[in-house]
Structures are given as structure tokens and as C-alpha cells.
Amino acid sequence: MFYLSFACIAFAGEFALPLWATWDLPVGRHLGEDEVRLLLVADPHVQLYHTYWYYGEYFALMDSDRYLRRYFRRMRRLTEPDAILILGDLVDGDNNVSNDIFLHAVERVKQMFVVSHPTPCFVIPGDNDIGGEGDDPVTDQRTDRFKRAFGVLSNSQHIRFVHLHGNTPWDELTKPANVHDTHITILLSHIPAVSSQAVTDLEPDILASGHDHMVSFLYPSTSQHRTYVFKRRRRFHSKKKLMIV
């Protein structure tokens, strides 16, 4: 009975529930300059290895990586995104691990989410990557380590009519000079809170964040006094179509 129950739970977790969660995804698309699709990945938490019991946890790491790789590949194939946005907490565990342990996880992250396909990626750090939650401060050492690994993927990017910007400790947010009325500016932040100055300077149409192990969206609107109120709503820009999965 125990083995049957275990097999049912494993089948549900490995196959049934992920398939059920993706059955209504927007598959198929038309080619054109009036549509941009973005696939958002929040908090993958790729496991860190520990040198003192690495061989004991090898199979657990392999199984966790396989699960992430498998369903990320499925999501990417179903949605055919124009870009993939990873909203921080790429690795799991202690921020104070050695560089070797961190870089080992970084290479696995890249193999799973970045270099396994030709789609452009945009990556920002989370508190598990550089600190910043509670009494765990952001440090220069952690920030520099993340920049060396992913810094080029955190630079502002433009995908047709969509402007992507990351809320990172090393990038100053400013509104692009070439923004058109029909363009959409998206600010990505791991923690769902940004400074009012960043919002005022960048004037984003959408704020996307992770941290809570799901993707959250906020749509800023301005009053006459330039006070930003965040509320959930849909925003349409002319005949252009932005699809976020």
C-alpha cells in the first residue's frame, strides 16, 4: 500500500499536475511586429551542492535539475516567447557559500534556462543571490559575483515595442529617450517593491516581480500630481499585443 501511494504521488507531481497547469496556455502564434510574447520565470531556486556530502545529494540535485529543465522546455515550446525573463532567486540556500559552490549552481542555471535555446534572456538577482531580505544585507562581494556571472543579461533591452529594465543595485533607472506612445516599458524587480524615485524616473507601464514563488504584476497609473497608484488592470496600446506567460 505504501509503494502504491508513493507511486501515485510521484505520478501526480511529476506528470499530472504540471500538465494540468499548462493545458490552457496560449499555444500557436502569428508572425508580425505587432505582438511580443514574454515568458517569465520566478524563483527557480536551483539547489546548491555541499562538498562535505556532495555524493550523497548528487541524485537529489540531478532529479531537481531534470524537473526544472523538463518543464521549462515544455513551457518554452508551447509559448514560443520572444524573450525569457528570470526574476531572481536563481539559486537556493546560503548567500555566504564559497564562489566555487555558487559558480557550480550558476553553470547549471545557464544550462537549463539560458544557453539551451536561442531565445534572448533577461536576468535580475534576488535576495538568495545577493542578499537584501531582512537582516541579510546586499554586499559588494555578492553583487560583483552575480554581475560577473549574469551582468550582461541584466542590461536594459528593447524587443520591438517593449522596453525591459531591471531593478538592480548597479543600474540607474532612467526613461529611454526613444519611447513612443505605443511602446510599453516594463520594470522587473525581484521583491515586489521599488523606490518611488525609480518609478518616477522610469515611468513603467508594468512592474513584474517574483519573490513569493509566483509572478506578480502591478500596473501604475498617474494622477495630476504624479502620484503613482498601483492597481491590477489590463492596459491596451493601440493595436499592439503584449502577451506575458
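This section reports on the structure supplied with the text. What you see is a predicted model; the values in this text were computed from it and never measured. (Residues numbered from 1 in each chain as written. Predicted model: local features only at pLDDT ≥ 70, side-chain atom pairs only at ≥ 80, totals over all residues. Heavy atoms only, no water.)

A word on the pattern of salt bridges
(1) Moving on: Taken as a whole and judged by the stated rule, the model has 4 salt bridges.
(2) Moving on: With a closest N to O distance of 2.9 Å, E35 and R37 form a salt bridge. As far as the burial class goes, E35 and R37 line up, both buried.
(3) Moving on: In this structure, R108 engages D65 in a salt bridge whose closest nitrogen and oxygen atoms are separated by 2.7 Å. With R108 in helix α3 (residues 99-114) and D65 in helix α2 (residues 54-79), this pair connects stretches of sequence that are 43 residues apart. Exposure class is identical for R108 and D65. Each is buried. (Salt bridge = Lys/Arg side-chain N within 4 Å of Asp/Glu carboxyl O. Buried < 20%, exposed > 50% of the residue type's maximum accessible area, 1.4 Å probe, protein only. Helix = DSSP H or I, 4+ residues; strand = E, 2+ residues; numbered from the N terminus.)

Quick notes on the packing of aromatic side chains
(1) Moving on: Applying the stated rule across the entire model yields 3 aromatic pairs.
(2) Moving on: Each ring, one from Y67 and one from Y71, has its centre 5.1 Å from the other, and the planes form 55 degrees; the classification is tilted. With Y67 and Y71 both in helix α2 and 4 residues apart, the pair spans about one turn of that helix.
(3) Moving on: Under the relative-accessibility criterion, Y67 is labelled partly exposed at 31%.
(4) Moving on: Between F146 and F150 the ring centres are 5.1 Å apart and the planes differ by 40 degrees, which places this aromatic pair in the tilted class. Highlighted residues: F146 and F150, both in helix α5 (residues 140-150), separated by 4 residues, approximately one helical turn. For the pair F146 and F150, one class covers both residues: buried. (Phe/Tyr/Trp six-rings, centres within 6.5 Å; stacked < 30°, edge-to-face > 60°.)

Here's the deal with the side chain of T143
(1) Moving on: Among the secondary structure elements, T143 is positioned in helix α5.
(2) Moving on: The buried category is assigned to T143, whose relative accessible area is 8%.
(3) Moving on: Residues contacting T143, with those up to four places away along its chain left out, are I130, V138, P169 and W170. (Contact = heavy atoms within 4.5 Å.)

Re the pairing of strand β3 (residues 121-124)
(1) Moving on: Because side chains alternate across β3, one face comprises the buried residues C121 and V123, and the other comprises F122 and I124, equally buried.
(2) Moving on: With 4 bridges joining them, strand β2 (residues 83-87) and β3 adopt parallel strand pairing. Paired with I84 across the strands is C121, a residue of β3. (Pairing = 2+ DSSP bridges.)

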